[in-house]
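Remarks on the overall topology
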Amino acid sequence: MNDSTQLDTIYTFTASSKLNNWRTINDTVMGGVSYSHIKVNEEGNGVFTGKVSLKNNGGFCSVRYPLPKRRIGKFHSFVLKVYGDGKAYQFRIKENSEDAHVYKAVFKTTKQWQEIKIRFDEMFPSFRGQKLNKPNFSGQSLEEIAFLIANKEEEHFKLLINRIKLM
């Protein structure tokens, strides 16, 4: 990415970030026992951490952030700055907060800082883990962002999130 590329910030974590609007939602909503939380570390990064359990047909942890409805049609991609643990995560968005489905893309982390670029047209519609027979994300509006881990295995996880931008 060069400096002439236009970016627009959706969220940047800082040491003074208030996490009131970030909400964890885990498989406990359907009887599972996975757990997670989000905090801000001393360096000012969001830290999404926990343990995914497969007990009681569980298997996922997520953290969500609602946004005022935003028109994003002049952009084509999300750019995530993250530091992962080598595991795969999903970046999920909702075009409208009342939609039952999300649009998601899977990204693999390394054990170093990465800028992950996710094109809008690569994000496919999904409901309860099932791909829907609908078009991929149109990129017109945005009302929620989320991160989710669901790799079909019992695992501890830790994802540092520095920022989410539009490109």
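Look above for the structure.
Residues numbered from 1 in each chain as written. Predicted model: local features only at pLDDT ≥ 70, side-chain atom pairs only at ≥ 80, totals over all residues. Heavy atoms only, no water.

1. Some thoughts on the overall build of the protein chain
Helix and strand content of the protein chain: zero helices and 13 strands. Reading the protein chain from its N terminus to its C terminus gives the helix and strand order β-β-β-β-β-β-β-β-β-β-β-β-β. Over its C-alpha trace the protein chain gives a radius of gyration of 15 Å, about what one expects of a compact globule, namely 15 Å for 167 residues. For the protein chain, the spread of C-alpha atoms along the principal axes amounts to about 50 × 40 × 30 Å. Burial status across the protein chain gives 51% buried among its 167 residues. Looking at the protein chain alone, contacts between residues at least 24 apart form 72% of all its contacts between residues at least 6 apart. (Helix = DSSP H or I, 4+ residues; strand = E, 2+ residues; numbered from the N terminus. Rg over C-alpha atoms; globule rule 2.2 N^0.38 Å. Buried < 20%, exposed > 50% of the residue type's maximum accessible area, 1.4 Å probe, protein only. Contact = heavy atoms within 4.5 Å.)

2. Let's talk about the packing of aromatic side chains
Going through the model one piece at a time under the given rule, you end up with 16 aromatic pairs. Seen from their ring centres, Tyr-103 and Phe-137 are 5.3 Å apart, and the 45 degrees between their planes marks the pair as tilted. Of the two residues, Tyr-103 is situated in strand β8 (residues 102–108) and Phe-137 in the loop between β11 (130–131) and β12 (141–149); the sequence distance between them amounts to 34 residues. Owing to a relative accessible area of 4%, Phe-137 belongs among the buried residues under this scheme. Here the aromatic cluster, defined as three or more aromatic residues joined through ring pairs, consists of Phe-48, Phe-78, Tyr-89, Phe-91, Tyr-103, Phe-107, Phe-120, Phe-137, Phe-147 and Phe-157. If you follow Lys-131 out to its NZ or CZ, it ends over the ring of Phe-124, 5.1 Å from the centre. (Phe/Tyr/Trp six-rings, centres within 6.5 Å; stacked < 30°, edge-to-face > 60°. Lys NZ or Arg CZ within 6 Å of the ring centre and 35° of its normal.)

3. Observations regarding the nonpolar core
Formed by 37 residues in total, the largest nonpolar core has its most connected members in Trp-22, Phe-78, Phe-91, Phe-107, Ile-145, Phe-147 and Ile-164. In terms of residue count, strand β13 (residues 155–166) provides more of this core than any other element does, five residues in total. (Core = buried A, V, L, I, M, F, W, Y, C linked by side-chain atoms within 4.5 Å.)

4. Considering the pairing of β8
Counting buried positions along β8 yields five of seven residues, so the element is predominantly enclosed. By the bridge criterion, six bridges tie strand β7 (residues 88–94) to β8 in an arrangement that is antiparallel. If you follow Phe-91 over to β8, its bridge partner there is Ala-105. (Pairing = 2+ DSSP bridges.)

5. Looking at unusual backbone geometry
Glycine aside, the phi torsion of most residues is negative, and most peptide linkages are trans. At Asn-57, a residue that is not glycine, the phi angle is positive and equals roughly 60 degrees. Relative to the helices and strands, Asn-57 is located in the loop between β4 (46–52) and β5 (61–71). The phi torsion at Arg-128 lies on the positive side, around 50 degrees, for a residue other than glycine. Position of Arg-128 relative to the elements: it lies in the loop between β10 (124–127) and β11. When its relative accessible area of 73% is taken as the criterion, Arg-128 is described as exposed.

6. A word on the pattern of salt bridges
In this structure the tally under the stated criterion is five salt bridges. One salt bridge connects Glu-143 with Lys-69, and the closest N-O pair in it is separated by 3.7 Å. One end of the pair, Glu-143, is in strand β12; the other, Lys-69, is in strand β5, and 74 residues separate them in sequence. In this structure, the salt-bridge partner of Asp-121 is Arg-119, at a minimum N-O distance of 3.3 Å. Of the residues examined, Asp-121 reaches a relative accessible area of 44% and is grouped as partly exposed. Residue classification places Arg-119 among the partly exposed positions, given a relative accessible area of 34%. (Salt bridge = Lys/Arg side-chain N within 4 Å of Asp/Glu carboxyl O.)

Everything listed is a geometric property; what it means functionally is a separate question.
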